[in-house]
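Chains, contacts and geometry: an overview
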Amino acid sequence: MPRRTSVALNVVERGVGTPVLALHGWTPDHRLMLGCLEPVFAGRPGYRRLYPDLPAMGASPAPPSIASSDDVLGAVQDFVDDTLGDTPFLLVGESYGGYLARALVRSRPEQVLGLALICPVGTALEHSERRVPERQVLRPDPELLASIDAQTAEEFADLSVVQTPETLRRFREEVLAGLDVADTEAMARIRQRWALSENPEGGTPFTRPTLILTGRQDHATGYLDQFALLPHYSRATFAVLDLAGHNLQIEQPALFDALMGEWVDRVATEL
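Below, the structure is looked at part by part. (Residues numbered from 1 in each chain as written. Predicted model: local features only at pLDDT ≥ 70, side-chain atom pairs only at ≥ 80, totals over all residues. Heavy atoms only, no water.)

This brings us to the side chain of Ser95. Counting through the fold element by element, Ser95 comes out in the loop between strand E4 (89-94) and helix H3 (96-107). For Ser95, a relative accessible area of 10% gives the class buried. When residues no more than four places from it in sequence are discounted, the contact partners of Ser95 are Gly25, Ile118, Cys119, Pro120, Val121, Thr221 and His246. (Helix = DSSP H or I, 4+ residues; strand = E, 2+ residues; numbered from the N terminus. Buried < 20%, exposed > 50% of the residue type's maximum accessible area, 1.4 Å probe, protein only. Contact = heavy atoms within 4.5 Å.)

Written as structure tokens, this is what we have:
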């Protein structure tokens, strides 16, 4: 197929077998997805995990021609064409990456074997239109915050519901590392045309195994707007995890691993 963009995405790859494409959210990079998914596949051989950086994030460029979410999606479509061709694959998307993942499902319903969404953007794209809970910190640790630099403490505290040395470690390694290298100028350009031109749920309903994970205390994307997606995804497990905000994979790792693992096994059974 002719390429949609001139962008080649940076990608980190692990394993061999059935492909699993993982799309991170807005501003972080591939480390967010690699950190949460590798434990899921540690005991499941036979999967080729692909962790690309979206344009303007991580090590993927975003030239002036990348000026909208449609362009970002185009770069992901090019990546799939170049890397996977027509090979069927599992698809995982987190937050904004979940928005893109749903669009991929619309355009490739026969190629996507199963869809997993982690704290995805729901039916309302703009934060001002979302139904989200008030910010809560259920397990605060003021001493921990006081022991680190002010900028890290502010960014960690902004999203954390569970403040522990372990959630801080993972936040630093999997989230903050990507925030620090993002091309904010290019992202501001893309942000001006953030809505995709086609509604991801505007096509035929998706009838393959799906998982939608949300955090009860997620004040970024919430959990109510995602429930409205269920009619379109007839094979979806929908979970709202307590003690979990927008980084639920870090704050509820055992539940995350169990639910993601069950989804992977469901897809494998379908095959």
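More follows now that the structure is in view.
A separate point is the pattern of salt bridges. Under the defined criterion, the tally for this structure stands at 19 salt bridges. The shortest N-O distance in the salt bridge between Asp81 and Arg4 comes to 2.8 Å. Here Arg4 lies in the segment before strand E1 (11-14) and Asp81 lies in helix H2 (residues 69-83), a separation of 77 residues in the sequence. Residue classification places Arg4 among the partly exposed residues on the basis of a relative accessible area of 39%. As a salt-bridge pair, Arg106 and Glu198 come within 3.9 Å of each other at their nearest N and O atoms. Placement of Arg106 in helix H3 and of Glu198 in the loop between helix H7 (184-191) and strand E6 (210-215) is noted, with a sequence separation of 92 residues between them. Taking the relative accessible area as the measure of exposure, Arg106 reaches 31% and is therefore partly exposed. Each of Arg3, Arg4, Asp78, Asp81, Asp82 and Arg108 takes part in salt bridges that share partners, so that together they form one network. (Salt bridge = Lys/Arg side-chain N within 4 Å of Asp/Glu carboxyl O.)

Leu21, Leu23, Leu54, Leu91, Leu100 and Leu115 are the most contacted members of the largest nonpolar core, which totals 41 residues. Contributing elements (two or more residues each) for this core: strand E2 (18-23), H2, E4, H3, strand E5 (112-118) and H7. The greatest single-element share of this core, amounting to seven residues, is contributed by H3. For Leu115, the residues in contact, after removing those within four places along its chain, are Leu91, Ala101, Arg102, Val105, Phe206, Pro209, Thr210, Leu211, Tyr233 and Trp263. Membership of the second largest hydrophobic core comes to 38 residues, among which are Phe156, Leu176, Leu213 and Leu248. (Core = buried A, V, L, I, M, F, W, Y, C linked by side-chain atoms within 4.5 Å.)

The next point concerns the packing of helix H1 (residues 30-41) against helix H6 (residues 165-179). Running from N to C, H1 and H6 cross one another at 155°; their axes reach a closest spacing of 7 Å. If you check the angle between H1 and H6, you find them roughly antiparallel. Listed contacts from H6 to Arg31, Leu32, Gly35 and Cys36 of H1 are Arg170, Glu173, Glu174, Val175, Ala177 and Gly178. By residue class, the composition of the contact of H1 with H6 is four nonpolar, two polar and four charged. (Axes fitted to C-alpha atoms, helices over the stretch in contact; angles between N-to-C directions. Parallel < 35°, antiparallel > 145°, perpendicular 65-115°, else oblique. Nonpolar A, V, L, I, M, F, W, Y, C, P; charged D, E, K, R; others polar.)

What follows covers the pairing of E2. One face of the sheet, then the other: side chains in a regular strand alternate in exactly this way. The element E2 is largely enclosed, with a buried count of five among its six residues. As paired strands, E2 and strand E3 (residues 47-52) are joined by four bridges and run parallel to one another. Each residue of the ladder has a partner; that of Val20, found in E3, is Arg49. With H1 bridging E2 and its parallel neighbour E3, the resulting β-α-β unit is right-handed. (Pairing = 2+ DSSP bridges. Right-handed = clockwise from strand over helix to strand, strands pointing away.)

What follows is about H3. With twelve residues, H3 extends 17 Å from end C-alpha to end C-alpha; this agrees with the ideal 16 Å at 1.5 Å per step. For H3, every residue scored as buried is listed here: Tyr96, Gly97, Gly98, Tyr99, Leu100, Ala101, Arg102, Ala103, Leu104 and Val105. Lining the buried residues of H3 we find E2, H2, E4 and E5. (Expected span 1.5 Å × (residues − 1).)

Another point: the side chain of Gln163. Looking at the secondary structure, you find Gln163 in the loop between helix H5 (150-159) and H6. Only 3.1 Å separates the side chain of Gln163 from the side chain of Ser160, close enough to count as a polar contact. (Polar contact = N/O pair within 3.5 Å; in protein donor to acceptor, adjacent residues only side chain to side chain.)

Adjacent strands of a sheet pair through backbone hydrogen bonds, lying either parallel or antiparallel. Strand order in this open sheet of seven strands is E1-E3-E2-E4-E5-E6-E7, and the pairing throughout is mixed. The sheet is open, and its two edges are formed by E1 and strand E7 (236-241), each paired on a single side. Averaged over neighbouring strand pairs, the angle between their axes works out to 15° when direction is ignored. The strands touched by H2 are E1, E2, E3 and E4; relative to E3, the strand with the most contacts, the crossing angle is about 145°. Along the sheet face, H3 touches E2, E4 and E5 and points at about 145° away from the line of E4.

Quick look at the environment of Leu54 now. Residue position: Leu54 is located in the loop between E3 and H2. Dropping the residues within four chain positions of it, Leu54 is found in contact with Leu9, Leu23, His24, Gly25, Ser60, Val72, Val76, Tyr96 and Leu100.

Here Val92 is to be found in strand E4. Separated by 25 residues in the primary sequence, Val92 and Leu117 have C-alpha atoms spaced 5.9 Å apart. With near-sequence residues (within four places) excluded, Val92 lies in contact with Val20, Leu21, Ala22, Leu23, Met33, Leu37, Ala116, Ile118, Met260 and Trp263.

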